[in-house]
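# Observations on chain architecture
Here's the letter readout for the chains.
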Amino acid sequence: MSYRELIFTVPAEIAEPLGDALLEVGALSVTVEDDAAGGYDENPLYGEPGLSPEVQAWDRSSVTALFNPEMDDSAAIHFIPELLASLKDAGFNLPAPEEKIVEEQDWVRLTQSQFAPIQIGERIWVVPSWHEAPSDPNAICLAVDPGLAFGTGSHPTTHLCLLWLEKNVELQNQSLLDYGCGSGILAIAAAKLGCSPVVGTDIDPQAMVAARSNAEINHTVIRFVLPNENAVELAAETKYDIVMANILANPLQVLAPALVNKMRPGGKIVLSGVLARQAEEVIATYSQWLSLSIWKESEGWVCLHGTLPAKGDTASLTGKKADTSAPAQKKSLKLILLSLFFLVLIIFGEHLSRNSLLPTLATRIDGSSPAIATGAFSLLQKLDGQLCRSLGCVNRSVSDFSAWKITSVTLSPENAREGLKNGLNQSTLQVEIQNRLALSVLFPNLEIFLTDAEELEIKTIQFSPQEWLPTAWQDAHPDFLRQGSPSGEIFRSELPISLPQNAAGYRVRIFYP
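A few points on the structure.

## Overview of the packing of helix α5 (residues 156-167) against helix α6 (residues 185-192)
At their nearest, the axes of α5 and α6 sit 10 Å apart, and the two run at 15 degrees to each other. The orientation of α5 with respect to α6, classified from their angle, is roughly parallel. Where α5 crosses over α6, the two elements pack in a sense that is right-handed. Within the contact between the two elements, α5 uses Thr158, Cys161, Leu162 and Leu165 and α6 uses Ile185, Leu186, Ala189 and Ala190. Residues belonging to the contact of α5 with α6 are distributed by class as follows: seven nonpolar, one polar and no charged.

## Brief notes about the sheet that holds strand β1 (residues 2-11)
The strands that make up a sheet pair up through hydrogen bonds in the backbone, lying either parallel or antiparallel. Taken together, four strands build an open sheet; the order of strands is β2-β3-β1-β4 and the sheet is antiparallel. Every other strand in the sheet has two partners, leaving β2 (29-34) and β4 (98-103) as the edge strands with one partner each. For this sheet, the mean inter-axis angle between neighbouring strands, taken without regard to orientation, is 25 degrees. Sheet analysis places β1 next to strand β3 (residues 60-67), joined by eight bridges and oriented antiparallel. Bridge pairing in β3 places Glu5 opposite Leu66. Across the sheet, helix α1 (residues 12-24) touches β1, β2 and β3, and the angle it forms with β1 is around 150 degrees. Helix-sheet contacts for helix α3 (residues 79-89) involve β1, β3 and β4, and the interaxial angle to β1 is about 40 degrees.

## As for the sheet that holds strand β18 (residues 457-463)
Reading across the sheet, the three strands line up as β18-β17-β20 and stay open at both edges, with antiparallel pairing between neighbours. Edge positions in the sheet fall to β18 and β20 (505-511), since each has one partner strand and no second. Ignoring strand direction, the axes of neighbouring strands in this sheet form an average angle of 20 degrees. Pairing of strand β17 (residues 445-451) with β18, which is carried by six bridges, proceeds in the antiparallel orientation. Counted as the bridge partner of Ile448 is Ile461 from β18.

## Some words on helix α7 (residues 205-217)
An α-helical turn contains 3.6 residues, so any two residues separated by three or four positions project in the same direction. Relative to the 18 Å expected for 13 residues at 1.5 Å per residue, α7 spans 19 Å between its end C-alpha atoms, a close match to the ideal helical length. If you check which residues of α7 are buried, you get Ala207, Met208, Ala210, Ala211, Asn214 and Ala215. The inward-facing, buried residues of α7 abut α6, β9 (198-201) and β10 (223-225). Capping the start of α7, Asp204 holds a side-chain oxygen 3.1 Å from the backbone nitrogen of Gln206, two or three residues further along.

Cut-offs and rules
- Residues numbered from 1 in each chain as written.
- Predicted model: local features only at pLDDT ≥ 70, side-chain atom pairs only at ≥ 80, totals over all residues.
- Heavy atoms only, no water.
- Axes fitted to C-alpha atoms, helices over the stretch in contact; angles between N-to-C directions.
- Helix = DSSP H or I, 4+ residues; strand = E, 2+ residues; numbered from the N terminus.
- Parallel < 35°, antiparallel > 145°, perpendicular 65-115°, else oblique.
- Left-handed = near helix turned anticlockwise from the far one by under 90°.
- Contact = heavy atoms within 4.5 Å.
- Nonpolar A, V, L, I, M, F, W, Y, C, P; charged D, E, K, R; others polar.
- Pairing = 2+ DSSP bridges.
- Expected span 1.5 Å × (residues − 1).
- Buried < 20%, exposed > 50% of the residue type's maximum accessible area, 1.4 Å probe, protein only.
- Polar contact = N/O pair within 3.5 Å; in protein donor to acceptor, adjacent residues only side chain to side chain.

Pasting the structure below:
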């Protein structure tokens, strides 16, 4: 028996309604695909739970409808004209579709043939149930069939996590949490490599069904729980030796507090689902708790890992490289200018130019300035203070963008485990910034860029100093707009933000209007 396939190329906004209309007129099935798939203009859509795009289609979508001539008379000459007429009555004015004949096949066998055993590393094999296991006695076989939940070992992100587990020789009796477990493949591999206890969680109930079935097939003891079950495995006091999350970059950033909270001091975290170009942003998000690094890269994806410092051990955070953004030439120039400034100040009394010279020569208090420059500028400030007491000076705070450093930013939904998926999408932006210049600096504005799953900007929110500075600090410093921020002062603010439904990421910058 043969089937008739009709393919309509339409704009994104009518792809889904057209699919519904085709089902109503008798189509056996309807699929929507990117018309540019495989080409230069291919436009990926990410359907991460809680971050799904508003329109489930592409700019140019191929809507394919399958008909059975034995049931709907679709082989008749008049079928397509009548179909187009029916669709026109329903509001769809479409040209004639592309046609294909699909021959009857053993679809189960054809599908199974596309999933052969996958070897990962030296020992791990992912083996579908219809294939024989490899004969290698040292092989660790994961019996996982393609199904409703993501995770068959074929994607580079899953591959990287499995490799990390295989290469880590200290898994015996280590507790592990697989956050966003999907099919449970990572949790199963961890259990077979010696981790115990192993827990998996996912917000998709279908994933729990698939994961529990796969764990049973693989004869492994794993506890799979939904975040809303109030299970002891996800309680705040329950910590793990290893936390593994193979999701996407944006959810990993949003869930950072929740994931770190599940780590015991000295525990490890493994994050995948991150594109190479997104790695630095994810690393920066987690930097307030621990130091992440790229473990391995595959096909443009990276696997990040890190260790949560034990209590009292801050070496992994304080040992990070100093800010080297300023070129060596500029630092040398500052030393020369400092020397010249001493001479000019002593000989010509250039204190009248101090409001422009001091900001130019000011060093940073975060350790990025050379020690000799820091000492020289400290001495210069003392001399300048003595001259001002003798000659009189007018102090003016400066507006210097480079003086400010955003030390941490976290966008926390009301329910972190639900990602960005909650009723009104009310969230809190927690931001910490510091004046790292050795001078008072005027307060800047904060600007938040909200992006969708494709990292396109969808909304901009601005906060003036009066809006983002803590109220208590403003009350204690009524003249703060004129005097600016003292050197080294750190400000921590919590700002309420209402997120658009399609928000999937964010960026924060400071600026002077």
